[in-house]
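Now for the letters of each chain:
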Amino acid sequence: MLTDSLSGLPTPCLLVDAEKMQANIQAMNAQLGRLDVPLRPHLKTCKNIEIAQAMLAGHPGGVTVSTLAEADYFFSHGIQDLLYAVGIAPGKLTAVAQRLEAGMNISIILDQEATAEAVVKAARQHGCRYRVLLEIDADGARAGFKADAATLPDTALKLDAGGVEVAGIMVHAGGSYACCSQQAIIDMAETERRSAVTAAERLRSLGLACPEVSIGSTPTALRATALAGVTEVRAGVYVFQDLVMAGLGVCSESDIALSVMTEVIGHRPATGEVLVDAGWMALSRDRGTASQRRDRGYGLVRDLHGGDLGELIVRATNQEHGIVSQADGGKVDLADFPVGRRLRILPNHACATAAQHTHFWLTLPDAVPRRLERCMGW
Ligand SMILES: Cc1ncc(COP(=O)(O)O)c(C=O)c1O
């Protein structure tokens, strides 16, 4: 039944296995239940309201977004409490003010004194009260004040004096993606927690309430052992999982709910390789497994049902072509891959692969796949 309905879909296309997705949601909920901290899911991975609602079940209802387009899309579907978790560009402050005016409960983040000055100025100009979380850098991976930076209290006081609500602290330990062992991820989770709590305590010692202490990435959320002082966890990619997460050991390959369905379009007999109609447009250029123990090229190839085909990977891509090879350089038995055979490709990074597509096909056994739209753009 599923085979018939899948063979009717145009390729390349994005499939979400609804059962695996639900199991991933349950695994995260069970972990956060043990840690007794609620989830503010990051919706940049799914960019779809139905999946967001499944992620939100049992949690307070606040979400994290990575674009104002996501904020608008989810607000239009009834989600009120949104954390826009990319350092705010001063050029977007008017757009944020308009959304506050429209009743959206949107919080922004910053990690620069200069940005704080721009926020204070824009608050005066628009007569609005921005809500800000200060971003802390736990691991040197991207952005944020150091938890002990002298500029942190100065910036917080400047915002407060300028009529801006200093709502709290946020940290994203993106460095967890480069961890080489389970213990390293556990340690990173504790570093993430400690830097957030330390920074929050510094703000509280100034007399600022700092109610929110927000942390999270999928690896640290799944491996944290205690989250004392943390008020919420943000995680997003866990909903689908991917090869990078499997390479880190925080899920197994059989947990990956997202795949790109593709069709064989030709052969390269000289090299024993197969051509498919999923290139970097369908898979993304993400090479997140390149630095891991097992490099999966642009994705790991499975059969149409997700069954194991060994170490068959997409070695190279053009815009609309993928070249499928044996990972060890051996020749593929081309007779097993006739033109027209359909395959699935598991993604390196689910967020990047999904971002190439306007919609998913949600699959359940014995049901016709259901089309789910994704919000696009900025
Ligand atoms: C600020 C922020 N919070 C949370 C997350 C969620 O992390 P993950 O995708 O590992 O679940 C991300 C992901 O990039 C992020 O940038």
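Treat the numbers as computed from the prediction; the structure is a model and nothing was measured. (Residues numbered from 1 in each chain as written. Predicted model: local features only at pLDDT ≥ 70, side-chain atom pairs only at ≥ 80, totals over all residues. Heavy atoms only, no water.)

Remarks on the sheet that holds strand β8 (residues 232-233)
Point 1. On the basis of which strands lie adjacent, the open sheet formed by 7 strands has the order β2-β3-β4-β5-β6-β7-β8 and parallel pairing. Each edge of the sheet is formed by a strand with only one pairing partner; in this case those strands are β2 (63-65) and β8.
Point 2. Set on the sheet, helix α7 (residues 151-161) makes contact with β4 (105-110), β5 (131-136) and β6 (165-171); between it and β5 the angle comes to about 175°. (Pairing = 2+ DSSP bridges. Helix = DSSP H or I, 4+ residues; strand = E, 2+ residues; numbered from the N terminus. Contact = heavy atoms within 4.5 Å. Axes fitted to C-alpha atoms, helices over the stretch in contact; angles between N-to-C directions.)

With respect to the domain arrangement of the protein
Point 1. You can read the domains of the protein as domain 1 (2-13 + 251-373) and domain 2 (19-238).
Point 2. Each of domain 1 and domain 2 has a C-alpha centre, and the two are 33 Å apart.
Point 3. Listed by partner, the interface residues are 15 residues for domain 1 and 13 residues for domain 2.
Point 4. Taken together, the two surfaces of domain 1 and domain 2 that pack against each other cover about 1,200 Å², and 56% of this comes from carbon and sulfur.
Point 5. In terms of surface lost to domain 2, no three residues of domain 1 exceed C351, F360 and L372, which account for 32% of the buried area on that side.
Point 6. Between domain 1 and domain 2 we count 1 salt bridge in total.
Point 7. When the shortest N-O distance is used, the salt bridge between E50 and R370 registers 2.4 Å.
Point 8. Between domain 1 and domain 2 we count 4 residue pairs in polar contact (both at pLDDT 80 or more) in total. (Domains from an automatic or database assignment. Buried area = accessible area lost by both parts, 1.4 Å probe. Salt bridge = Lys/Arg side-chain N within 4 Å of Asp/Glu carboxyl O. Polar contact = N/O pair within 3.5 Å; in protein donor to acceptor, adjacent residues only side chain to side chain.)

Some points on the site of the ligand
Point 1. Around the ligand sit 15 residues, and of these R142, Y177, T218, G236 and V237 come closest.
Point 2. Between the ligand and R234 there is a distance of 3.1 Å, counted from a nitrogen atom to a side-chain nitrogen or oxygen.
Point 3. Each residue belonging to the shell around the ligand can be placed in one class, and the counts come to 6 nonpolar, 6 polar and 3 charged. (Near = heavy atom within 4 Å. Nonpolar A, V, L, I, M, F, W, Y, C, P; charged D, E, K, R; others polar.)

Let's talk about the pattern of salt bridges
Any two side chains of opposite charge can pair, so long as their charged atoms come close to each other.
Point 1. The full count for this structure, using the stated rule, is 23 salt bridges.
Point 2. Connected via shared salt-bridge partners are E253, R294, R296, R302, D308 and E311.

Thoughts on the packing of aromatic side chains
Point 1. Under the criterion given, the structure shown has 2 aromatic pairs.
Point 2. Consider the rings of Y73 and F74, whose centres lie 4.8 Å apart with planes at 75°: the pair is edge-to-face. The pair Y73 / F74 is uniform in exposure class, with both members buried.
Point 3. Look at F240 and F360: their rings are 5.5 Å apart centre to centre, the planes differ by 65°, and that puts the pair in the edge-to-face class. Residue F240 is located in the loop between β8 and α10 (243-248), and its partner F360 is located in strand β15 (residues 359-363); the two are separated by 120 residues in the primary sequence. Each of the two residues, F240 as well as F360, counts as buried. (Phe/Tyr/Trp six-rings, centres within 6.5 Å; stacked < 30°, edge-to-face > 60°. Buried < 20%, exposed > 50% of the residue type's maximum accessible area, 1.4 Å probe, protein only.)

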